[in-house]
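# Descriptive analysis of the structure
Take a look at the letters that make up each chain.
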Amino acid sequence: MKVDGIHYRSIWLNDDGWSVDIIDQTHLPHEFIIRSLRTVEAAAEAIAAMRVRGAPLIGATAAYGLALAMRAEPGDEALAQACDRLLATRPTASNLQWALGRMHPQLAELPPAQRAEAAYALAAALCDEDVAINDAIGEHGLEVIRGLWAGREGAAALHVLTHCNAGWLATVDWGTALAPVYKAHDAGIPVHVWVDETRPRNQGAALTAWELKAHGVAHDVIVDNAGGHLMQHGLVDLVITGTDRTVRSGDVCNKIGTYLKALAARDNRVPFYVCLPSPTIDWALRDGVAEIPIEERDPREVTAISGKTRGGDIQSVQLTPDGVSARNFAFDVTPARLVTGLITERGICEASERGLLGLFPEQAEVAA
Ligand code: MRU
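Presented here is a report on the structure given in the accompanying data block. (Residues numbered from 1 in each chain as written. Predicted model: local features only at pLDDT ≥ 70, side-chain atom pairs only at ≥ 80, totals over all residues. Heavy atoms only, no water.)

## Quick notes on the packing of helix H1 (residues 40-48) against helix H2 (residues 55-72)
Selection rule: The convention used is that axes are lines fitted to C-alpha atoms, helices contributing only their stretch in contact, and that angles between N-to-C directions extend from 0 to 180 degrees. Secondary structure elements are taken from DSSP: a helix is a run of H or I of four residues or more, a strand is a run of E of two residues or more, and numbering for both begins at the N terminus. For classification purposes, angles smaller than 35 degrees are called roughly parallel, those larger than 145 roughly antiparallel, those between 65 and 115 roughly perpendicular, and all remaining angles oblique. The hand of a helix crossing depends on one turn: near helix anticlockwise from the far one by less than a right angle means left-handed, and clockwise means right-handed. Contacts: residue pairs with any heavy atoms within 4.5 Å of one another. In this classification, Asp, Glu, Lys and Arg are treated as charged, Ala, Val, Leu, Ile, Met, Phe, Trp, Tyr, Cys and Pro as nonpolar, and every other residue, Gly included, as polar.
Relative orientation of the contacting elements H1 and H2 amounts to 165°, with a least axis distance of 8 Å. Considering their axes alone, H1 and H2 lie roughly antiparallel with respect to each other. Note that H1 runs across H2; the crossing there is left-handed. Contact residues: Val40, Ala43 and Ile47 in H1; Ile58, Thr61, Ala62, Gly65, Leu68 and Ala69 in H2. Residues that form the contact of H1 with H2 fall into these classes: seven nonpolar, two polar and no charged.

## As for unusual backbone geometry
This is how it is decided: Between buried and exposed lies partly exposed: a residue is buried under 20% and exposed over 50% of the maximum accessible area for its type, with that area taken using a 1.4 Å probe on protein chains only.
With an omega of 10°, the peptide bond running from Leu28 to Pro29 counts as cis. Along the chain, the position of Pro29 falls in the loop between strand S4 (20-23) and strand S5 (34-37). Of note in the backbone geometry, Thr198 takes a positive phi value of approximately 70° without being a glycine. With respect to the helices and strands, Thr198 occurs in the loop between strand S7 (191-196) and helix H7 (203-215). Of the residues examined, Thr198 reaches a relative accessible area of 0% and is grouped as buried. In this structure, Asn202 takes a positive phi of about 60° despite not being glycine. In this structure, Asn202 sits in the loop between S7 and H7.

## Topic: the site of the ligand
Selection rule: Near, as used in this document, describes a residue that has one of its heavy atoms within 4 Å of the molecule or strand being considered. N or O atoms closer than or at 3.5 Å make up a polar contact, with two conditions inside protein: a donor-capable atom paired with an acceptor-capable one, and, for residues adjacent in sequence, both atoms drawn from side chains. The Shrake-Rupley method, run with a 1.4 Å probe, gives the accessible areas here. Residue values count only the displayed protein chains as cover. Where each domain starts and ends follows an automatic or database-derived domain assignment.
In the vicinity of the ligand, 19 residues are found, and the nearest of them are Arg90, Gln203, Asp244, Asn254 and Lys255. Arg90 places a polar side-chain atom, nitrogen or oxygen, 2.8 Å from an oxygen atom of the ligand. Take Gln203: an N or O atom from its side chain is 2.8 Å from an oxygen atom of the ligand. The protein chains hide 100% of the 420 Å² of surface that the ligand would expose on its own. Listed by contribution, the elements that provide at least two residues to the shell around the ligand are H2 and strand S11 (252-255). For the shell around the ligand, the class distribution of residues is seven nonpolar, eight polar and four charged. Looking at the shell around the ligand, you find at least three residues from each of domain 1 (2-129) and domain 2 (136-367).

## Focus on helix H5 (residues 112-150)
To keep it simple, the criterion reads: Any helix carries an expected span of 1.5 Å times its number of residues minus one. Fitting one axis to the seven residues ending at a residue and another to the seven starting there, the bend at that residue is the angle between the two axes.
Its 39 residues place the ends of H5 57 Å apart at the C-alpha level, agreeing with the 57 Å of an ideal helix rising 1.5 Å per residue. Maximum bend of H5: about 25°, positioned at Ala118.

## Some words on the nonpolar core
Stated formally: Side-chain atoms within 4.5 Å link the members of a nonpolar core, which is a set of buried Ala, Val, Leu, Ile, Met, Phe, Trp, Tyr and Cys residues.
Counting 80 residues, the largest nonpolar core has Ile11, Leu66, Trp168 and Val191 as its most contacted members. Among the elements that take part in this core, H5 stands out by supplying 15 residues, more than any other. Built from parts of two domains, this core gets at least three residues from each of domain 1 (2-129) and domain 2 (136-367). The residues touching Trp168, leaving out its near neighbours within four places in the chain, are Met1, Val3, Tyr8, Arg9, Ser10, Ile23, Asp173, Trp174, Gly175, Tyr182, Trp210 and Glu211.

Shown next as structure tokens:
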């Protein structure tokens with residue numbers, strides 16, 4: 001997608017041929033800062049500190065992190081240590097395990113001298129695959145939007161509510177939940193997006209709003225608790241979110257607060273779709289609520305908030321009384337029964353094991 005007319009992916013190889021460049025998302029929306037990662041430790045830090053975030057981009061950064069590790073030291077021990085370090089960064093998004101699980105065995109088979117070059121090639125291929133997957137998700141999601149728009153002729157806009165940021169910044173390009181929105185906008189359908197602010201990290205207010213504004217898509221940022229009210233008043237036609245891990249039963253894990261949106265959507269008969277790239281499917285798990293590890297982050301993300309002052313400085317301020325205790329659960333699980341459909345790169349299915357296996361029959365043998 002474009003920033004000031006220049007096409008960017010969210011991660012790319014530097015012109016030096018080996019450093020890995022990222023857009024440091026902790027500075028958005030106020031500053032656009034590119035940072036070069038030169039060690040596996042820098043890649044791990046970027047994931048843990050959420051300089052890069054979003055399940056697909058976490059996987060892509062881990063892949064390049066492994067390439068950086070192999071460039072520095074390609075032995076078996078270094079390979080195992082790099083995987084362990086990267087896996088320890090964030091526990092919930094399955095793309096991290098998927099990317100490392102794909103690369104590790106292929107690299108381990110090679111003589112150490114060939115590993116760095118192979119790792120860079122595998123990471124680049126993984127990034128290209130992510131872009132193709134999201135492009136296809138966008139096309140399938142566009143048909144959902146077209147169908148809903150066809151039933152609302154005469155309305156000023158089709159209102160889509162989204163939670164967190166599942167746009168191009170969360171992937172290598174396109175995004176998952178926002179890919180259909182961008183394609184609908186480009187096809188001339190007047191989409192308007194309700195953007196949940198997404199406390200505590202404000203990925204909606206900071207990142208989704210920044211992306212939509214850059215692309216010219218109409219939107220309004222709302223507080224996280226507004227969605228139910230809007231749905232009761234007929235102001236939401238469709239909810240679309242991304243996911244960090246979806247298990248084979250169709251239970252969907254996504255940013256904290258997604259479950260409450262799904263409940264409100266069900267109560268108001270608003271369709272609730274989840275855009276699901278196949279690397280985000282955890283075929284080994286079946287019960288999302290019981291089995292998905294939910295990241296708990298630093299409570300200071302809840303007790304403080306950062307933003308731009310009138311003077312233009314970026315500052316963090318404390319919201320809560322001194323010494324107050326807080327908990328910071330980063331994700332929740334929406335049971336499959338509340339999901340209208342899963343939009344994958346192979347098409348749309350019901351949120352169930354049967355639905356998913358209908359699109360991915362090769363996974364039928366994986367033990368859950
Ligand atoms: O904590 P984050 O910002 O990494 O969480 C991101 C989300 O919850 C996204 O909705 C999810 O990763 C899907 S991104 C295409």
